[in-house]
Structure formats: C-alpha cells, structure tokens
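Okay, here's what each chain looks like letter by letter:
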Amino acid sequence: AITVLQDGKPSNYRINESVSPALDAEAIRICKLILFRPAVKSGNFIIDDDLNVGLVDFGCVKHLSPEFIEQYRQLVISAAHDDKSAHYQAMVDVGMLPQKLDKETEYKLRAVSDEICSWFGALYKTELFDFKARPEFMAQGKAVMQRSQHLHRHINVNPDFIFLERTRYGLFRLFDQMAVK
C-alpha cells in the first residue's frame with residue numbers, strides 16, 4: 001500500500017489509476033540534474049487528497065553528470081523509437097559496452113541490446129502502458145537479462161547507470177504489483 005494523506009492523516013490506499021505523476025517527477029529530476037534517488041518502494045510515496053504524488057526518504061541520493069543524463073536520454077529515445085542501432089550506440093556511449101569488439105562478440109551484444117530496446121520500448125508504444133494488461137512484461141525483462149549473463153565479461157558496470165536502473169526497476173516492480181497504467 002501507499003501512504004495517502006486524507007484530511008492530513010495517513011491512510012492506506014492502492015492506486016489503480018495512472019501513476020504518471022511519479023514517473024514525471026523522476027523524469028523532471030533527471031532532466032534538471034537535481035538529486036536522484038534509487039529507493040523506490042511503496043512506503044516512500046505520499047499522496048494527498050488531490051492525488052498529488054510526493055516522494056519521501058532521501059537517504060540515498062546522487063548527482064548525475066550532464067553527460068550521463070544526455071547519454072541515458074539517448075537510450076530512452078532510441079528504445080521509444082525502436083531504433084536498435086542507436087540503442088546499441090547509446091549503450092557504448094554510456095560506457096556499458098566497449099567500443100571495439102571482435103565480430104562474434106559484437107553480434108551477440110547487439111542481439112542483447114536489440115532485445116532490451118524492444119522490451120523497454122514497449123513502454124512507449126501507446127500513450128499509457130498498462131501493467132495490468134501486460135502481466136508478462138517484468139518476466140520478459142528478467143529473461144532478457146538472464147540470457148545476457150554469459151556475456152558479462154564484455155559488459156562494463158557504469159555506477160551511474162546501475163544507480164539509475166535500480167530506481168527504474170523499483171518503479172516497474174511497484175507499478176507491476178499495483179497493476180497500474
């Protein structure tokens with residue numbers, strides 16, 4: 001449950017409506033280079049009588065560089081447009097994939113990048129993504145990541161990327177559990 005303030009008092013409430021205000025808040029924070037927080041769980045949201053969403057518990061925050069923000073933005077844009085070539089290049093630019101690889105390894109990493117692009121891009125195919133109508137969405141993403149594990153020695157760990165992805169994954173899990181649009 002999420003804490004909702006009704007008449008100034010906390011109560012339990014499950015949102016079955018759009019949670020876009022929470023996503024918008026995170027996107028605005030990223031775009032304006034304000035502090036970013038990865039601890040996304042239902043207890044960290046407060047919703048008032050007018051259904052305005054607020055975030056609490058800023059115990060773990062981080063500044064992200066303008067360069068990283070732009071690189072991450074390109075990942076999202078390429079997925080939203082199902083541009084697999086641009087998505088792979090964005091993965092290289094964000095530092096997750098090496099610039100130079102042998103042909104076979106590059107082919108395998110491109111296949112993984114293509115799958116991630118298609119999976120993540122599904123969020124942008126319609127105006128609202130309906131987690132209730134797509135109960136397989138999270139399992140599909142997990143399966144893609146599991147299929148890529150054999151390539152782990154070719155994938156670099158960008159701490160900013162991991163920090164940001166923890167938050168995105170937390171939001172997705174929360175939205176999936178709540179079956180929201």
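Residues numbered from 1 in each chain as written. Predicted model: local features only at pLDDT ≥ 70, side-chain atom pairs only at ≥ 80, totals over all residues. Heavy atoms only, no water.

S.K.: What is the right way to read the overall build of the chain from this model?
M.R.: Looking only at helices and strands, the chain features six helices and four strands. Out of the 181 residues belonging to the chain, those deemed buried represent 37%. (Helix = DSSP H or I, 4+ residues; strand = E, 2+ residues; numbered from the N terminus. Buried < 20%, exposed > 50% of the residue type's maximum accessible area, 1.4 Å probe, protein only.)

S.K.: How do you make sense of the packing of aromatic side chains when you look at a structure like this?
M.R.: For any pair of aromatic rings, geometry is given as the distance between the ring centres together with the angle between the planes. In total, this model carries twelve aromatic pairs according to the counting rule given. For the pair phenylalanine 137 and phenylalanine 172, a centre-to-centre distance of 5.9 Å together with 70 degrees between the ring planes defines the contact as edge-to-face. Taken together, the residues phenylalanine 137 in helix 5 (residues 137-148) and phenylalanine 172 in helix 6 (residues 159-178) connect sequence positions 35 residues apart. Taken individually, phenylalanine 137 and phenylalanine 172 each receive the classification buried, so the pair is uniform in this respect. Through a chain of ring-to-ring contacts, three or more aromatic side chains come together here, namely Trp119, Phe120, Tyr124, Phe129, Phe131, Phe137, Phe172 and Phe175. It is arginine 110 that lies over the ring of tyrosine 88; its NZ or CZ is 3.9 Å from the centre. Sitting over the ring of phenylalanine 120, arginine 168 keeps its end group 3.9 Å from the ring centre. (Phe/Tyr/Trp six-rings, centres within 6.5 Å; stacked < 30°, edge-to-face > 60°. Lys NZ or Arg CZ within 6 Å of the ring centre and 35° of its normal.)

S.K.: What am I meant to see in the packing of helix 2 (residues 66-80) against helix 3 (residues 84-93) here?
M.R.: Packed helix pairs are characterised by how far apart their axes lie and by the angle those axes make with each other. Contact geometry for helix 2 and helix 3: axes closest at 8 Å, N-to-C directions at 165 degrees. As summarised for this structure, helix 2 and helix 3 are arranged roughly antiparallel, according to the angle between their axes. In the packing of helix 2 onto helix 3, the handedness of the crossing is left-handed. Residues Gln71, Gln74, Leu75, Ser78 and Ala79 of helix 2 pack against Ala86, His87, Ala90, Met91 and Asp93 of helix 3. For the contact of helix 2 with helix 3, a count of residues per class yields five nonpolar, four polar and one charged. (Axes fitted to C-alpha atoms, helices over the stretch in contact; angles between N-to-C directions. Parallel < 35°, antiparallel > 145°, perpendicular 65-115°, else oblique. Left-handed = near helix turned anticlockwise from the far one by under 90°. Contact = heavy atoms within 4.5 Å. Nonpolar A, V, L, I, M, F, W, Y, C, P; charged D, E, K, R; others polar.)

S.K.: Sorry if this is basic, but what is going on with the nonpolar core here?
M.R.: A general trend in soluble globular proteins is that nonpolar side chains are found buried together. Core analysis: the biggest nonpolar cluster contains 36 residues, and Phe68, Phe137 and Phe172 have the highest contact counts within it. Looking at this core, the elements that each hand over two or more residues are helix 2, helix 3, helix 4 (103-121), helix 5 and helix 6. Here this core takes seven residues from helix 6, the largest share from any one element. Beyond its immediate chain neighbours, meaning those up to four positions away, phenylalanine 172 contacts Trp119, Phe120, Leu123, Phe131, Phe137 and Met138. (Core = buried A, V, L, I, M, F, W, Y, C linked by side-chain atoms within 4.5 Å.)

Shape descriptors only; they carry no functional weight alone.
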